[in-house]
Amino acid sequence: MSGKRKRVVLTIKDKLDIIKKLEDGGSSKQLAVIYGIGETTVRDIRKNKEKIITYASSSDSTSLLAKRKSMKPSMYEELDRAMLEWFNQQRAKGNPVSGPICAKRAEFFFYALGMDGDFNPSAGWLTRFKQRHSIREINIRNERVHGDETAVEDFCNNFRDFIERENLQPEQIYNADETGLFWKCLPSRTSVIKGKCTVSGHKSIEERVTVMCCANATGLHKLKLCVVGKARKPRSFKSTDTSNLPVSYFSQKGAWMDLSIFRQWFDKIFVPQVREHLRSKGLQEKAVLLLDNSPTHPNENVLRSDDGQIFAKYLPPNVASLIQPSDQGVIATMKRNYRAGLLQNNLEEGNDLKSFWKKLTLLDALYEIAMAWNLVKPVTISRAWKKILPTIEEKEGLDFDEEDISVAAVATILQHTKGLENVTTENIEKWLEVDSTEPGYEVLSDSEIIRRAQGQTDESSENEEEEIELIPERHVNHAAALQWTENLLDYLEQQGDMILPDRLVIRKLRATIRNKQKMTNSSQ
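Keep in mind that this is a model prediction, so the values were computed, not measured.

Just to check I follow, could you spell out helix H14 (residues 362-374) for this structure?
Spacing of three or four residues puts side chains on the same side of an α-helix, whose turn is 3.6 residues. Look at H14: 18 Å from first C-alpha to last across 13 residues, which is about the 18 Å you get at 1.5 Å a residue. Along H14, the residues that are buried comprise Leu-362, Leu-363, Ala-365, Leu-366, Glu-368, Ile-369, Ala-370, Ala-372 and Trp-373.

Explain the sheet that holds strand E6 (residues 226-229) here, please?
Backbone-to-backbone hydrogen bonds join strands into a sheet, with any given pair of strands oriented parallel or antiparallel. Judged by pairing direction, the sheet is mixed, and its six strands sit side by side in the order E7-E6-E5-E1-E8-E9 without closing on themselves. The open sheet has two edge strands with one neighbour each: strand E7 (248-251) and strand E9 (310-314). Recorded for the sheet is a direction-independent mean angle of 25 degrees between the axes of neighbouring strands. For E6 and E7, the ladder comprises four bridges, and the chain directions are parallel. The residue of E7 that forms the bridge with Val-227 is Tyr-249. Each of strand E1 (173-182), strand E5 (208-216), E6, E7, strand E8 (287-291) and E9 is contacted by helix H10 (residues 259-280), which is oriented at about 140 degrees to E8, the strand it contacts most.

I'm lost on the packing of aromatic side chains in this one. Help?
In this description, a pair of aromatic rings is defined by centroid distance and the angle of the planes. Counting across every chain of the model gives 13 aromatic pairs. Between the aromatic rings of Phe-162 and Phe-311, the centroid separation amounts to 6.1 Å while the plane-to-plane angle is 85 degrees, which identifies the pairing as edge-to-face. In this pair, Phe-162 is assigned in helix H9 (residues 146-165) and Phe-311 in strand E9, connecting sequence segments 149 residues apart. The two residues Phe-162 and Phe-311 agree in class, both being buried. Ring geometry for Tyr-174 versus Phe-270: centroids 5.4 Å apart, planes at 90 degrees, classification edge-to-face.

Explain the state of the cysteines to me, please; I cannot follow it from the model alone.
Joining two cysteines, a disulfide is a covalent bond between their sulfur atoms. Counted according to the given criterion, the structure contains zero disulfides. Residue Cys-213 stays outside any disulfide, its sulfur separated by 9.0 Å from that of Cys-214, the closest cysteine. For Cys-213, a relative accessible area of 1% corresponds to the buried category.

Cut-offs used in this document
Residues numbered from 1 in each chain as written. Predicted model: local features only at pLDDT ≥ 70, side-chain atom pairs only at ≥ 80, totals over all residues. Heavy atoms only, no water. Helix = DSSP H or I, 4+ residues; strand = E, 2+ residues; numbered from the N terminus. Expected span 1.5 Å × (residues − 1). Buried < 20%, exposed > 50% of the residue type's maximum accessible area, 1.4 Å probe, protein only. Pairing = 2+ DSSP bridges. Axes fitted to C-alpha atoms, helices over the stretch in contact; angles between N-to-C directions. Contact = heavy atoms within 4.5 Å. Phe/Tyr/Trp six-rings, centres within 6.5 Å; stacked < 30°, edge-to-face > 60°. Disulfide = S-S within 2.5 Å.

Structure, rendered in structure tokens:
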């Protein structure tokens, strides 16, 4: 007769490992045996997955999570949630945070939340707050000019020592960063308003997505853009399979990046694509992803491949804006390419801008964004790493003048755009920079932090998304696609000004559709 099973108390890190194994197809029974626990415990971990991941993502320390065995709640849970949200936002911005500042903020939230009793934000309370969320250090200093320059130098030296110890080459070093993009924002003769762009006297509704760029330090491996929109299946997608889009598309009710989406992207897109790229280069499947302290970036405890060889490392809050590679012209170049591409498409189609703007869909924008990212040269990306890796070799010529879309180039296009011939260079510059400081994460005001801490949500956003999604899909069969292709080829043959490569592309597409049709018929 077997003895009674010894009671095992799992650490937070153990629970994260179990969650990852469950997501990879592991069974509750197998994991129960491996960890010496009951199947009920494994099922409870699965049930509380998001809570555990959120808790771990707010932690500052891997070692503390390897020791901590419970997520002991505060007696003031709403206050704890508000303070953690506020603290993460301050850290992302690089704002100075000290013990006294935290205490003063805690007292404000306590009374703003309408909590009962007396509250003393003492040193003891602050210590327990740090322990509950595995925060190593509460003092974030943001000493401008001299302080930041010293911090930059310290980080760069430490990072170079790190990659030397880990034997990492530039090909194995990545950076990712999010930004907001007003995809339907067009220039005006008068002004550009953030979120609402005046077009010949008409105002558009706000059309915004979050876009995340990710590439390695050589610029030779650019992952597909990650785009977060509001709806799971926007109207313009129709029957389009999202896996066939030129970007990795996710949805969130406010079109913001969040912890869950970022973790999915890391596990399902970043890690596999990096492995494939490094194999193609004959390099060890080992890489580091350099990130800033956005509240939507999970902790390094969560962002790690199963074998621990692909992982995240974080920039200090007070240096991220100064040296993060994506912020050194990479994202700006992508956005300028996108906006210049929109104008060029309008010019080629011969539309007036108002008509073009009305017809522009999110699907159109995603293809244009993907093209804009493809046009960002490796030299632009490798040059953006110069502050961190000054010895990195540039893989292309140093023809920088042609790299950026200039205001003069946009002005030239606008001269041929009906209704916008006289847009000033000042307004062009404002348009090109309209979302230059737009973050990829949701920045909450004090009142919004309080509402979220109390569990209140914005129901209107959710209802709007459901309304958008209730659109029947249209299936196009092989025969219909083939007929349309034949018609398009007939049209092109009749046009004397159509160049041969255009016709060859359509002929190749026709051959592909015919093969698909034959395979379908033969399998029936």
